[in-house]
Amino acid sequence: MDPQDPGGRRLMADALTGFLEAAVRTATPLAFAAMGETIAERAGVINVGLEGCVMAGAFGALVAAGAGGVGAGFATSAVAGAALAALFALCVVRLGTDQIITGTAMTLLGLGGTGALYRTWYGAGGAALSVPTAGPMAVPGLSKLPVVGPAFFSQPVVTYLAALLVPVLWWFLYRTHAGLALRAVGEAPEAARAAGVATARLRTLAVVAGGALGGLAGGTLVLAQAGTFAEGMSAGRGFVAIAIVVLGRWHPVGAALGALVFGAATALQFLIQAMGWTLPYQLFLALPYVLTLGALALARGRGRPPAALGQASG
Amino acid sequence: MRLRHLALALAPVLSTACGGAKDAAPSSTFKVALLTPGPISDQSWNGGAYAGLQRIKDSLGAQVSHIQTKTPAEFDENFRQYGAQGYTLVFGHGFEYQDAALRVAPQFPKTIFVTTSGTTVGPNIAGMNFAFEEASYLAGMVAGATTSTGTIGCIGGTELPPVKVSFAAFEAGARRVRPDVKVVVSYLGNWDDVGAGKEQALAQIGRGVDVIFQNADAAGLGVFQAARETRKAFVIGSNANQNGVAPEVVLGSVVIDIPHALMLVAREVKAGTFTPRVVPLGLKSDVVTLVLNDALRARIPAAVLAGVDSVKGELLAGRIVVPRGTTPPVTP
């Protein structure tokens with residue numbers, strides 16, 4: 001791009017818009033999953049099975065969207081994610097099994113189970129690109145803004161839903177009685193129980209709600225992005241989301257910002273590769289993880305995990 | 001499909017139950033196994049191999065088994081399992097299985113280990129050389145003639161040597177018809193992430209790419225989706241005939257007839273005439289070909305179609321040798 005070239009500036013603006021759009025699209029499923037995990041971890045349960053919930057949601061979205069359209073697909077993705085999380089909660093909260101081991105089992109169940117069902121129902125030929133998708137919905141006026149308009153105000157409805165969820169979740173956690181009880185369960189379950197909080201029930205509900213959001217992340221992948229299902233298409237997003245929760249210091253706003261940082265780094269990686277620079281592509285692929293690690297190091301010492309995180313007693 | 005899976009699962013049980021005395025000597029059963037690096041529902045590399053395995057079962061009466069491996073440690077483990085169970089022929093479906101074959105094969109001299117797109121040969125190790133480069137070169141000619149921006153792209157899963165070779169040939173083919181063409185190559189780092197496939201394609205389209213050659217298996221579905229949504233680029237598919245995945249945007253596919261290739265080898269092994277070697281498979285054996293999408297054929301200038309045909313003839317006659325790029329030698 002020649003800076004003297006009057007068309008160069010427009011090209012630059014186009015590239016910036018494309019970058020921002022990609023950042024927001026990549027961040028959306030991560031934001032859902034990270035906010036879901038934030039709820040669970042605030043209640044003291046670390047759900048390592050989040051990756052499985054994302055896969056369950058993706059598969060649920062495929063099945064339901066084929067039969068009932070995009071809306072049914074999103075609803076089913078949340079239900080599927082919640083169902084797997086409910087199984088996790090049953091083991092962890094009711095039966096007192098180890099959270100990490102159980103969560104790992106749930107991830108394997110989500111990956112393997114969806115793959116087996118997919119082949120059974122759709123055959124080895126797969127579903128190809130047969131899923132209806134949610135197109136972008138432009139916000140009147142705002143979507144016409146230069147550069148940022150298309151990126152932030154011409155996205156599928158789920159993206160706005162993710163953005164809306166941030167203040168709602170903040171309000172719930174910090175401004176309601178139930179939110180206070182939930183945080184208390186994550187900090188000092190014994191004290192919470194003594195104060196009359198039904199700790200086991202609250203933890204179960206928090207895990208299930210978190211799983212529903214994880215499922216919604218999978219639904220977003222299928223219905224707002226890929227337009228198809230592929231085995232293992234979550235590609236580690238569940239685990240990235242768990243890291244983002246730490247990056248966001250167990251706060252919904254932090255989780256959303258963390259997802260945006262990771263989304264932006266991933267979008268930058270796509271853009272750099274498309275520029276055609278002849279450097280090893282592995283460098284670019286590592287970029288989002290390096291940036292996230294860097295952000296994590298900078299955020300060190302601010303905020304701390306819930307005191308009872310990962311402990312069996314509820 | 002459900003029945004087929006049941007049949008697969010029951011195959012060993014049934015063959016011992018029904019075969020009775022006839023199959024008493026285990027060596028008389030022709031047993032063929034397949035390891036794939038990814039899901040067989042990808043409509044591409046892995047799906048083709050699974051179809052080949054089914055054909056071997058149906059046509060050669062073989063007892064077959066398939067496992068999807070996730071990590072290199074599982075390559076060795078599963079090779080060993082099949083060797084211990086007395087399988088006659090085990091396919092490791094990809095370049096990446098070669099080291100495991102080298103380690104395991106000496107322990108099971110009665111089993112033949114074939115790595116598809118591998119170059120390793122041993123007393124009971126063979127490879128297959130899919131001549132991707134010939135058909136990819138022809139695909140490059142089509143892309144070079146179709147692009148209006150003069151920028152074309154390649155999107156791969158990971159930088160495996162066969163993928164690099166294929167992309168290098170694609171670039172050379174494009175330069176033959178349009179010497180000033182710009183080629184952008186991107187890799188996703190995996191073969192499953194459909195979302196990343198789509199985003200990478202969108203990023204290339206944003207940079208002016210209007211023909212994309214994809215070789216990313218399941219993740220490649222995202223490339224088709226990006227082209228379908230934007231309608232700003234055509235796609236050339238890989239491995240399987242993907243012209244039907246998105247007929248409105250797919251110019252053609254570099255098709256490896258993997259079932260045919262696996263059958264060729266299995267037939268020789270069953271007949272006892274197989275000699276360990278790198279089996280060459282390309283245009284000549286009709287295993288790797290460029291299949292154009294009839295719905296979009298009109299998009300390609302007639303002169304170019306004629307050129308593709310004549311170059312194909314010269315490739316078959318050996319008068320043109322396609323540059324393979326740089327392939328690192330495989331060391332044991």
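Fair warning: this is a prediction, and the values are worked out from it, not measured in the lab. (Residues numbered from 1 in each chain as written. Chains lettered and ligands numbered in written order. Predicted model: local features only at pLDDT ≥ 70, side-chain atom pairs only at ≥ 80, totals over all residues. Heavy atoms only, no water.)

If you tally the helices and strands in chain A, you get 11 helices and two strands. When the helices and strands of chain A are listed from N to C terminus, the series reads α-α-α-β-α-β-α-α-α-α-α-α-α. Computed over its C-alpha atoms, the radius of gyration of chain A comes to 20 Å, within 12% of the 20 Å expected for a compact globule of 314 residues. Over its C-alpha atoms, taken along the principal directions, chain A stretches across nearly 70 × 50 × 40 Å. Counting only contacts in chain A whose residues sit at least 6 apart along the sequence, the fraction spanning at least 24 positions is 75%. Of the roughly 12900 Å² that chain A leaves accessible, carbon and sulfur atoms contribute 72%. (Helix = DSSP H or I, 4+ residues; strand = E, 2+ residues; numbered from the N terminus. Rg over C-alpha atoms; globule rule 2.2 N^0.38 Å. Contact = heavy atoms within 4.5 Å. Areas by Shrake-Rupley, 256 points an atom, 1.4 Å probe, with all protein chains shown as cover.)

Sheets are built from strands that pair by backbone hydrogen bonding, the pairs being arranged parallel or antiparallel. All names here are of chain B. Reading across from one edge, E2-E1-E3-E4-E5-E11 is the order of the six strands in this open sheet, with parallel pairing throughout. The sheet is open, and its two borders are formed by strand E2 (63-68) and strand E11 (278-281), each paired with just one other strand. Each strand axis lies, on average, 20° off the axis of its neighbour in the sheet, ignoring direction. Examined bridge by bridge, strand E1 (residues 31-36) and strand E3 (residues 89-92) share four bridges and lie parallel to one another. (Pairing = 2+ DSSP bridges. Axes fitted to C-alpha atoms, helices over the stretch in contact; angles between N-to-C directions.)

Residues and elements named next belong to chain B. The mixed open sheet is built from six strands, whose spatial order is E7-E6-E8-E9-E10-E12. Lying at the two open borders of the sheet, with one neighbouring strand each, are strand E7 (182-187) and strand E12 (288-292). Within this sheet the neighbouring strands show an average axis-to-axis angle of 15°, counted without direction. Pairing of strand E10 (residues 250-256) with E12 involves five bridges; the strand directions are antiparallel. Counted as the bridge partner of Ser253 is Val291 from E12. Sheet contacts for helix H7 (residues 194-206): strand E6 (151-156), E7 and strand E8 (211-215); angle to E6, the most-contacted strand, approximately 165°.

Moving on, we come to the pairing of E2(B). All names here are of chain B. As paired strands, E1 and E2 are joined by six bridges and run parallel to one another. Counted as the bridge partner of Leu35 is Ile67 from E2. In this fold, the crossover linking E1 to E2 by way of helix H2 (residues 45-60) has right-handed handedness. (Right-handed = clockwise from strand over helix to strand, strands pointing away.)

Counting through the fold element by element, Glu199(B) comes out in helix H7. Taking relative accessible area as the criterion, Glu199(B) reaches 5% and is therefore assigned buried. Beyond its immediate sequence surroundings of up to four residues, Glu199(B) is in contact with Ala22(A), Arg25(A), Thr26(A) and Phe270(A). (Buried < 20%, exposed > 50% of the residue type's maximum accessible area, 1.4 Å probe, protein only.)

The volume enclosed by the second largest pocket comes to roughly 780 Å³. Gly18(A), Glu21(A), Arg25(A), Leu202(B) and Thr230(B) are, among the 35 residues lining the second largest pocket, the residues nearest its centre. Contributing elements (two or more residues each) for the lining of the second largest pocket: helix H1 (6-42), strand E2 (154-155) and helix H10 (252-275) of chain A together with H7 and helix H8 (221-230) of chain B. Sorting elements by how many residues they give to the lining of the second largest pocket places H1(A) first, with nine residues. Grouping the amino acids of the lining of the second largest pocket by side-chain chemistry returns 16 nonpolar, 10 polar and nine charged. (1 Å grid on protein atoms, 1.4 Å probe; cavity = no way out; pocket = protein on both sides within 12 Å on 5 of 7 lines; lining within 4 Å. Points joined across faces, edges and corners; volume = space filled by probe spheres on them. Nonpolar A, V, L, I, M, F, W, Y, C, P; charged D, E, K, R; others polar.)

On to the confidence of the model for chain B, then. Residues and elements named next belong to chain B. Per-residue confidence for chain B gives a mean pLDDT of 86, with 89% of residues at or over 70. The secondary-structure element of chain B with the lowest mean pLDDT is helix H1 (residues 2-19), recorded at 41, while E6 shows the highest, at 97. Counted against residues more than four places away or in other chains, residues 1-27, with its pLDDT under 50, gives 18 contacts. Ignoring residues within four places in sequence, the model shows residues 327-332, a span with pLDDT below 50, making nine contacts including any to other chains. Reported confidences for the modelled complex are a pTM of 0.84 and an ipTM of 0.88. (pLDDT = per-residue confidence, 0-100.)

We now examine unusual backbone geometry. All names here are of chain B. One non-glycine residue, Ser117, adopts positive backbone phi at about 60°. Relative to the helices and strands, Ser117 resides in the loop between strand E4 (112-115) and strand E5 (125-130). Phi is positive for Arg231, which is not a glycine, with a value near 55°. Tracing the backbone shows Arg231 in the loop between H8 and strand E9 (234-239). What makes Arg231 exposed here is its relative accessible area of 55%.

Residues and elements named next belong to chain B. When cut into domains, chain B gives domain 1 (7-19 + 28-130 + 258-281) and domain 2 (132-256 + 301-317). Centre-to-centre separation of domain 1 and domain 2, based on C-alpha positions: 29 Å. Listed as interface residues are 11 residues of domain 1 and, on the opposing side, 14 residues of domain 2. Here domain 1 packs against domain 2, burying approximately 1100 Å² in sum over the two surfaces, 63% of which is carbon and sulfur. Summed over the shared surface of domain 1 and domain 2, the number is zero salt bridges. Summed over the shared surface of domain 1 and domain 2, the result is five residue pairs in polar contact (both at pLDDT 80 or more). Looking at the side of domain 1 that touches domain 2, its residues break down into five nonpolar, four polar and two charged. (Domains from an automatic or database assignment. Buried area = accessible area lost by both parts, 1.4 Å probe. Salt bridge = Lys/Arg side-chain N within 4 Å of Asp/Glu carboxyl O. Polar contact = N/O pair within 3.5 Å; in protein donor to acceptor, adjacent residues only side chain to side chain.)

Attention now moves to the side chain of Gln155(A). Residues and elements named next belong to chain A. Structurally, the position occupied by Gln155 is in strand E2. Judged by relative accessible area, which is 2%, Gln155 ranks as buried. Polar contacts involving the side chain of Gln155 include one to the main-chain carbonyl oxygen of Ala151, which spans 2.7 Å. Those residues within four positions of Gln155 in sequence are excluded, and the remaining contacts are Glu21, Val24, Arg25, Pro136, Met137, Pro150 and Tyr160.

The interface is formed by 39 residues belonging to chain B together with 37 residues belonging to chain A. Contact with chain A buries area across many residues of chain B, yet Ser41(B), Glu199(B) and Arg207(B) alone supply 21% of it, more than any other trio. Across the contact surface, chain B and chain A share two salt bridges. Among the salt bridges present, the one from Arg25(A) reaches Glu199(B), with a minimum N-O distance of 2.5 Å. Across the contact surface, chain B and chain A share eight residue pairs in polar contact (both at pLDDT 80 or more). When residues of the side of chain B that touches chain A are traced back to their parent elements, those giving at least two are H1, E2, E7, H7 and H8 of chain B. In terms of residue class, the side of chain B that touches chain A is built from 17 nonpolar, 12 polar and 10 charged.

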